[in-house]
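Descriptive analysis of the structure
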Amino acid sequence: MERDVLVKKLKMKSRRGMLELDLLLTKFCNNELLKLSLHHLHVFDRFLDEEDDVLFRWLMGHEACPIAEFEELIASIV
């Protein structure tokens, strides 16, 4: 998948059903998405496959993320 197509896909995929997630992920996409390497874009894609309630708990620090690959990403988002 071309990088530009992947970025557009991730921007759409980051639109969630929870306002708090929308705010965090939209800000991240607007400020950081274009700076990410292709590898990190794919990590973000897998991150967005998680359920909203799981993402919310991880991003709010209510629960530790068990997936080491997501830890740096979470720190960048919050």
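Our structure is the block above this text.
A brief report on the enclosed structure follows. (Residues numbered from 1 in each chain as written. Predicted model: local features only at pLDDT ≥ 70, side-chain atom pairs only at ≥ 80, totals over all residues. Heavy atoms only, no water.)

With that settled, the discussion passes to the packing of aromatic side chains. According to the stated counting rule, one finds 5 aromatic pairs in the structure shown. Centroid distance Phe44 to Phe47: 6.3 Å. Interplanar angle 20 degrees. Geometry classified as stacked. Here Phe44 and its partner Phe47 are both found in helix α3 (residues 38-47), 3 residues apart, which amounts to about one turn of the helix. In this structure Phe47 comes out as buried when scored by relative accessible area, which is 0%. Ring geometry for Trp58 and Phe70: centres 6.0 Å apart, planes at 50 degrees, overall tilted. Note that Trp58 is positioned in helix α4 (residues 52-60) and Phe70 in helix α5 (residues 68-77), a separation of 12 residues in sequence. Classification of Trp58 by relative accessible area gives buried; the value is 6%. When its relative accessible area of 3% is taken as the criterion, Phe70 is described as buried. Put simply, the rings of Phe28, Phe44, Phe47, Trp58 and Phe70 touch in pairs and so form one group of aromatic residues. (Phe/Tyr/Trp six-rings, centres within 6.5 Å; stacked < 30°, edge-to-face > 60°. Helix = DSSP H or I, 4+ residues; strand = E, 2+ residues; numbered from the N terminus. Buried < 20%, exposed > 50% of the residue type's maximum accessible area, 1.4 Å probe, protein only.)

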